[in-house]
Amino acid sequence: MAVSKSVIVFHTLLPEFEYFRPKTLQEALELLDKYQGDAKVMAGGTGLLFFMRLRWMQAKYVIDIKGIKELHTIKYEEGKGLTVGATVTLSELFENEIVKNKYPILWDGIRQLADMHIRNRATLVGNLCFGMPSADTAPALLTLKAKLNVVSVNGTRTIELKDFFKGEGKTALKPNEMVTSVFIPEPPEGAKGRYLKFVRTADDGPIMGIAVLVANPRDPAKRIVRIAFSNVVSTPIIIDEVEELFKQDKPLGELAEEAIKLIKSKVTPKSDVRGSRELREHLMEYGTRYLLKTLIEG
Amino acid sequence: MKYVGKSIPRIDREKVAGDAEYAYDFTLPGMVYAKLVAAPYAHAKILKVKYDEALKVPGVLAVFTGADFPFKVGIYAADRDVLAREKVLYYGHPVAAVVAETLEAAEKAAELIEVEYEPLPPVLDALEAMKPDAPLVHEKLHEYKHAPFIYPKPGTNIATYLKLRKGNIEEGFSKADVVVENTYYEPLISQGYLENWVGIARVKSDGTVEIWSSHQSPFAVRNLLATSLGLPIHKVVVHHMYLGGGFGGKAGLLLEHIPVLFSMKLGGRPVRLELNREENSFYMAQRAGYYFKMKTGATKDGKLVAHWGEYILDAGAYADYTVNIARSVGLKPFGPFEIEHVHVDSYAVYTNKVPTTAFRGFGLMEVLFAAERQMDLLAKKLGMDPVEFRLKNVLVPGKSLTHTQERLREDAGDPAGAIREAARLIEWGKPPEQPKEPWKFRGKGFAAFWKGPVQPSNAAASAIVKLNDDGSVDVLVGTGEMGQGTITALAQIVAEELGIPVEKIRIAPERRTDMVAYTWQTVGSRGLFSDGQALIRALEDLKSQIRKIAAQVFRVFEDQIEIRDGKACVVGEPWECISLAEMALGYMYPNGNAIGGPLIGRGSHVPVRNTIPDPETGKSVPAPFYTFGAGAVEVEVDLISGRVKVLKAVMVLDTPAINPMLVAGQVYGGTVMGINIALIEELKFDENGRLLNPNFTEYKVARAGDIPDEMIFKTLGVGQKDAPYGAKGVGELTMLPWPAAVANAIANAIGVELYELPMKPDKIIEEVKKQRPELLEKVKEALKIKG
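Residues numbered from 1 in each chain as written. Chains lettered and ligands numbered in written order. Predicted model: local features only at pLDDT ≥ 70, side-chain atom pairs only at ≥ 80, totals over all residues.

Just give me the short version of the overall build of chain A, but keep the residues and values in it.
Counting secondary structure elements, chain A contains 12 helices and 13 strands. For 298 residues, the compact-globule estimate of 2.2 N^0.38 gives 19 Å, and the C-alpha radius of gyration of chain A, at 20 Å, lies within 12% of that figure. Expressed as lengths along the three principal axes of its C-alpha atoms, the size of chain A is roughly 60 × 60 × 35 Å. The buried share among the 298 residues of chain A stands at 46%. Looking at chain A alone, contacts between residues at least 24 apart form 62% of all its contacts between residues at least 6 apart. (Helix = DSSP H or I, 4+ residues; strand = E, 2+ residues; numbered from the N terminus. Rg over C-alpha atoms; globule rule 2.2 N^0.38 Å. Buried ≥ 20, exposed ≤ 12 C-beta atoms within 10 Å, placed from the backbone. Contact = placed C-beta atoms within 7 Å.)

In C-alpha cells, the structure reads:
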C-alpha cells in the first residue's frame, strides 16, 4: 500500500503576515470585520507568535491591539467588581493591590502562570482567548463567575466565561469579534480561595490545576463552595453542581465526600504528554480534598 | 601555591558581557541556507520524491535527496545516510533538503516537496528489537564499515556488543547467601543544551574545506569529516567557537558533513544549516534508552561475590557514540566495589527512534542508577546499613582488582574516604525530621560512584606556549570551552609555573585545527587531565629554554636559575634577574649581540599503560584515571502532588581541585541536572514512534526554582601523581549518583521501591497504590474535614 503524504517542515520563521497596529478600537474592529477568520488579534504575543511559528495557528493578518489606549485599563467599582482591559499584562495585575487583596484566588493563578518574563508580556484576556484547557487564570475566574465583554462592528455582547470555552483551542468568539475586557464580579462576602497548580518543574504549564472558592463554610444558609479545574479535560471547567451540593445542611466532612464523588462521576480526565489519566484522577481527588480542608478549616 | 587551588574567576567573562561569539552568531558573505525536510513515518520505504514545485520558488538553488549522496557516514560504524535512501528509519528522518538564497525561500520550498512512502512495521522498543522475528532497522548491516572494536551482528538489530567476564559466575552465585535480581529501565532523554546546532561550511578553490559549527571537539570533527568524505586531513579546517552547551550531544561529527557536501555541490558557496529547537530534537542525536537486567549476590556477612548483567541500550536509528557507550557500561558494569565473579553482556540495539549519542557521564549515571539500587536492596536483604555495606566492598587502591581485572594503582584515589565523608555530611544514621503535613514523607538516600574517561588507549593531547614581547603568554590548546571552565584552570597552571598573574595569559576561545595544538576530544572529563599534562610539559620545555638563556647571561649552571614572579633569577640572589619580557624574543646584550630568539614551549600527552579490552573478557586497563566519589540526598515525597523534592544534596569527590569555585559550579550544575533527570526528563513517543515533546514546552529541563534548598560539596584533595597538581576530572562525575541516591531516598521515605526513571508523579502515585496503598488511606484520613 503506497501512501502519499507531504513531508514535515519544522519552521524557524513565522509565516508571512500583514501587521496592523491600530490606534482606536473602531479601527481594529473594522480590520477584524474585513478579514474575518484570516485575521488574529494579538496582545502580548507570547501565545500567538509561538503557535504561528509551529503552524498550529494561521493568520494572514495580525492586529496588534497594544496601541489602543482604552484597552489598557484596570477599573474597580466597590461592591460591583473589577474590569480588566485586553492589554493589561499579568505582571500589572500581579502588582495590583485590589487584585491581591480582593481577588486572592485570581492573584494565586497569576502568580503561578509561567515566569516573570512571560507575565511581563502576556495578558489576562489573552490567557483566556486561546481557549486552551491549561489557562492558569481560567479556574479562578470561573469560580468568580467572570464575564467577557465582546465587541464587533455590529455591537457588543457579554459572554459568561463558563460558556466561552468550546473545546481545545475553540471559543465562542465569532471571527469578527474580540474581547475588550473581562469583568470579575465582587467576590461573595467572606470568600477565600486558592489555585493549586500541579507541575513537572518550576515555571511549568499545569499538569492540571484546581481553584476552590469558599465563603462562610460554617453557615449553611450563606455557604458558597465553587470548584473549577484547568487541564483536566479539553477546556477549563467549573463543576456547577458542587455549589448546589454544599447548600445542604449536612456535616462538612460528609459534603466534601459527596463533592469528591460528584466530581469523579462528572469528569473523566485526559491522558497526555504532561500526565496520565490515573495521575490526574489522583490529583483531582487529593488536591480538591486538600483545598477544601485548608479553606474550610484554615 | 599562589594560583593553583585558588578560586580565581573565570577568564571567559565575555560571556557575561554579551560579546562572546558562538557558531550560531557566525555568518559569511554570500552564505546560502539549507533546510531539511522530514518524513512522517517511523519506518517506511521511499517510493518517490517529487520536488519540481520546490525548485520554482524564487531564490532556490537546489533540492537534494538521498540519491545525491550514495554513501554512508558515521563515527564508529558508517550506518547513517546523509539524507534517507530507500527507507526512512525514524519519524523525523531527513528525507530531502532545499538550499536557497534565504531561509524564507528555503522554508517555503521545503513545504512543496512531496514524498511517496510504503509504510513498514516499526520496532520501537529495544527488547522487542532483540527478538529474532523483529523488523530489521538496517538490513544491510553486513555491508557497513565499522571500527575494529565494534561488533555488529548482521541479520539482527544489534549494533554492537561487549562481553565482560571475571572469575566464574556459577561459582560466584554458589557462594552467595542473598541474591537480588531486577530489571531497570531508563528512557531516551535529551542533552538539553541551550545552543541549537549550526554549521556553516565552504569549499575554497584549492579544495580546502572549512567549517564553523557548534561542536565540542574540533579535532574529532576534522578527523571524522575527512574520513567520512575521503579528504586529506590537512585539507579540512574546523573552526571552534564558544559552545553553548554540549553535554556529549556535540561530541563527535553530528551534521557537519551536510553543509560541506551541499557546498561541494554548489561550487563552494558557503552553506549554513541552522537548526531550531524542534529540528534539534529530531535531527541531532539524543541520549539512548537503557534496560539493565541485573542479578547480584553477596554472602551473609556482606561480601559481594557475584554480579550478572544483561544491558540493552536503545540506540535509535543510528548508533553514533551509543555503540561505545555499550562498551562503557559493559566495562564499568557496577559501582566502585570489588566483586570476584562478574559476567556481563552489553548490547546497543537499533530501533526506529531518533538517533542517539553520548551524554554527560557516558552511561555511568545510567548503570549506577541500577547498580546502586542493587546495593541498597542487597543491604536491606542482609539487614545491613547501606553505607557500611558499601565500605565493606569498596575498591582499595593498590590492592583491589576492578571489574576489568585491573589492579588499581596505589595513588588511584580515596573511594572509601569519599563514602565516609558523604555519610558524615548528610548525617547518615540520623533519621530526618518528618514534616508536620501527614502527606509528606522524608528520607535519606546514598550512592557511590566512579568514572574514568572512555577513550582510545592512545587518546593524545598537546600544548604550545608562546612567550610574548612583554612577558605575557599565549597558550594554544585544542580543548573546547563549553562552560566547563577548563581554559581557566589551564591558565592557573601557566600562572603557577611561570609566576605570572592570570591576567598576563591568553587562551583564546577560538580554535582552528590548523593553528592550535592537537587534542583528541573535549569529552569524558579528560580535558584538564590530558591537556593539563601536555601543558605542564610545554611549560617545562619553555622553562628549560629560559634557564638556558639566563644561565648563559649570568654564567651559572642551568640548575642555578629559578623562575619566579615572571623573572629568571640566580638561585639565592633574587636581585640578579632577567625579566621574561627581556628574553621573550631573544636576549640582547648591551653591545647589541642577541641570543635565543622567540621562545616557544611544546608538550605532549598520551595515556600510558592503557590497554585495549580483550574481546572475550573485557580484561583491560581502560582509563588513565578514575575519579571516585559519593552522593547523598534528603528528599521529601508529597503524596498529594506525587512530586519529590530534594531538600539537601551532598557530594564528595576524592580529587584535589585546581579551582574550587569552578568545581563548585560543576557540582551545582551536575546536581541540578542529575536530579531533574531522576525526576522528570524523558523523550516521549506515541505508538507510531512520533516524538511528542521536541521542545522545552513539554521536555522539562530544570529551572531555577528546582534547585535543592541546600547543596554541600567537598573535595578530599587526594591526588594522582601523574595528574596535573594531582587533579582528576570532575565534569561528568557531578551527575553520576543522583538518580540512584534519589531512588534510594524515596524507598527510605515511603517504602516504595522504584526501578524506572523518571520518578515522575505518575510513577510515584502508581507505585504507592501498588506497594503501599495504606499510605494513601492515611493521607485521605488526614484530609478529612472536621465537623
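Now that the structure is up, let's keep going.
I'd love a proper account of the overall build of chain B, names of residues and values included.
Looking only at helices and strands, chain B features 19 helices and 33 strands. Computed over the C-alpha atoms, the radius of gyration of chain B is 28 Å, within 12% of the 28 Å expected from 2.2 N^0.38 for a compact globule of 787 residues. Buried residues in chain B amount to 60% of all 787 residues. Of the contacts formed within chain B by residues at least 6 apart in sequence, a portion of 79% connects residues at least 24 apart.

Which residues make up the environment of R222 of chain B, and what are the values?
Residue and element names in this part refer to chain B. With respect to the helices, strands and loops of the structure, R222 is situated in helix α6 (residues 218-229). For R222, a count of 26 C-beta atoms within 10 Å gives the class buried. Distance from R222 to V237, taken between C-alpha atoms, is 6.8 Å for residues 15 residues apart in sequence. When neighbours within four sequence positions are excluded, R222 is seen to be in contact with I233, V236, V238 and T513.

Break down the packing of helix α16 (residues 660-679) of chain B against helix α17 (residues 738-750) of chain B for me, with residues and values.
Two quantities define a packed helix pair, namely the angle between the helix axes and the distance between the axes. Residues and elements named next belong to chain B. Where α16 meets α17, the axes come as close as 8 Å, and the angle between the chain directions of the two elements is 55°. The orientation of α16 with respect to α17, classified from their angle, is oblique. Here α16 and α17 pass one another in a crossing that is right-handed. Listed contacts from α17 to T671, G674, I675, I677, A678 and L679 of α16 are W738, P739 and V742. Taken together, the residues of the contact of α16 with α17 break down into 7 nonpolar, 2 polar and no charged. (Axes fitted to C-alpha atoms, helices over the stretch in contact; angles between N-to-C directions. Parallel < 35°, antiparallel > 145°, perpendicular 65-115°, else oblique. Left-handed = near helix turned anticlockwise from the far one by under 90°. Nonpolar A, V, L, I, M, F, W, Y, C, P; charged D, E, K, R; others polar.)

Which residues make up helix α18 (residues 761-771) of chain B, and what values go with them?
Looking at α18 of chain B, one finds that the buried residues are P761, D762, K763, I764, I765 and V768 of chain B. Where the residues of α18 of chain B are buried, they touch α12 (277-297) of chain A together with β31 (627-638), β32 (644-653), α17 and α19 (773-782) of chain B.

Can you explain the interface of chain B and chain A? Please cite residues and give values.
Residue-level contacts link 49 residues of chain B with 37 residues of chain A. When residues of the side of chain B that touches chain A are traced back to their parent elements, those giving at least two are β1 (32-38), β7 (94-100), α3 (103-110), β8 (114-119), α8 (277-283) and α18 of chain B. No other element matches the 6 residues that β8 of chain B contributes to the side of chain B that touches chain A. Tallied by class, residues from the side of chain B that touches chain A come to 24 nonpolar, 8 polar and 17 charged.

Break down the domain arrangement of chain A for me, citing the residues and quoting the values.
Residue and element names in this part refer to chain A. On domain assignment, one finds that chain A holds domain 1 (18-62), domain 2 (70-185) and domain 3 (191-297). Placing a centre on the C-alpha atoms of domain 2 and another on those of domain 3 gives a separation of 21 Å. Contacts between the two partners involve 20 residues from domain 2 and, on the opposite side, 21 residues from domain 3. Here the element with the most residues in the side of domain 2 that touches domain 3 is helix α8 (residues 138-143); it accounts for 5 residues. Split into classes, the residues belonging to the side of domain 2 that touches domain 3 amount to 10 nonpolar, 5 polar and 5 charged. (Domains from an automatic or database assignment.)

Could you give an account of helix α9 (residues 322-331) of chain B, naming the residues involved and the relevant values?
Residue and element names in this part refer to chain B. Most of α9 sits inside the fold, with 10 of its 10 residues counted as buried. Along α9, the residues that are buried comprise T322, V323, N324, I325, A326, R327, S328, V329, G330 and L331. For α9, the secondary structure elements touched by its buried residues are β9 (158-166), β17 (304-316), β18 (341-350), β19 (356-357) and α10 (364-382).

Please provide a residue-by-residue account of the sheet that holds strand β6 (residues 81-85) of chain A, values included.
Residue and element names in this part refer to chain A. If you walk across this open sheet you meet the 5 strands as β5-β6-β9-β7-β8, and the pairing is antiparallel. The strands lining the two open edges of the sheet, one partner per strand, are β5 (74-77) and β8 (155-160). Within this sheet the neighbouring strands show an average axis-to-axis angle of 20°, counted without direction. Direction of pairing for β5 relative to β6: antiparallel, over a ladder of 4 bridges. Of the residues in β6, the one forming a bridge with I74 is V84. (Pairing = 2+ DSSP bridges.)

Explain the domain arrangement of chain B to me, using residue names and the numbers behind them.
Residue and element names in this part refer to chain B. If you check the domain split of chain B, you get domain 1 (31-120), domain 2 (287-455 + 611-778) and domain 3 (456-605). Averaged C-alpha coordinates put domain 2 and domain 3 at centres separated by 39 Å. With 23 residues of domain 2 in contact, the opposing surface of domain 3 contributes 19 residues.

Give me the sheet that holds strand β2 (residues 18-20) of chain A: which residues, what numbers.
Residues and elements named next belong to chain A. Spatially, the 3 strands line up as an open sheet ordered β2-β4-β3, and their pairing is parallel. Strands with a single pairing partner mark the edges of an open sheet, and in this sheet they are β2 and β3 (39-42). Shown here is a sheet whose adjacent strand axes are inclined to one another by a mean of 25°, direction ignored. Note that β3 and strand β4 (residues 61-64) share 4 bridges and pair parallel. Within the sheet, the bridge partner assigned to V41 lies in β4 and is I63. Contacting β2, β3 and β4, helix α1 (residues 25-35) crosses the sheet at an angle of about 165° to β4.

Pulling in residues and values, what's your account of the nonpolar core?
Residues and elements named next belong to chain B. Within the largest apolar cluster, 366 residues are counted, with the highest numbers of intra-cluster contacts made by L313, V742 and I746. With 12 residues, α10 is the single largest residue contributor to this core. For V742, the residues in contact, after removing those within four places along its chain, are G445, V633, V635, V644, V646, I675, A678, L679 and M759. (Core = buried A, V, L, I, M, F, W, Y, C linked by C-beta atoms within 7 Å.)

Can you break down unusual backbone geometry residue by residue, with the values?
Residues and elements named next belong to chain B. Cis geometry is adopted by the peptide bond preceding P758, which originates at L757 and carries an omega value of -10°. In this fold, P758 is placed in the loop between α17 and α18. With a phi angle near 55°, S525 is a residue other than glycine that sits in the positive phi range. In this structure, S525 sits in the loop between β24 (511-512) and α14 (527-554).

Can you explain the pairing of β18 of chain B? Please cite residues and give values.
Residue and element names in this part refer to chain B. Taking burial as the measure, the 10 residues of β18 include 9 buried ones, the bulk of the element. Relative to β18, β9 runs antiparallel, the two sharing 8 bridges. Pairing of Y161 across the sheet is with Y347, part of β18. As paired strands, β17 and β18 are joined by 10 bridges and run parallel to one another. Bridge pairing in β18 places G309 opposite V344.

Lay out the environment of A20 of chain B in plain terms, naming residues and giving numbers.
Structurally, A20 of chain B is set in the loop between α1 (14-17) and β1. Not counting residues up to four positions away in its chain, the partners in contact with A20 of chain B are D12, E14, K15, Y242 and P509 of chain B.

Could you give an account of the confidence of the model for chain B, naming the residues involved and the relevant values?
Per-chain confidence: chain B averages 97 in pLDDT, with 100% of residues scoring 70 or above. Listed scores for the predicted complex are pTM 0.97 and ipTM 0.97. (pLDDT = per-residue confidence, 0-100.)

Quick one: what's the story with the environment of V63 of chain B, residue by residue and with numbers?
For V63 of chain B, the position within the fold is in strand β3 (residues 60-65). Leave out the neighbours within four places in its chain, and V63 of chain B touches Y51, A54, L55, A96, V98 and I113 of chain B.

Tell me about the pairing of strand β16 (residues 289-298) of chain B, and please be specific about residues and values.
All names here are of chain B. Buried residues dominate β16, accounting for 8 of its 10 residues. By the bridge criterion, 9 bridges tie strand β10 (residues 178-186) to β16 in an arrangement that is antiparallel. Its bridge partner being in β16, V179 is matched across the sheet by G297. Pairing geometry for β16 and β17, over 10 bridges, is antiparallel. Counterpart to K295 in the pairing with β17 is W308. Here β16 folds back onto β17 in antiparallel fashion, the turn holding 5 residues, of which G302 has a positive phi close to 90°.

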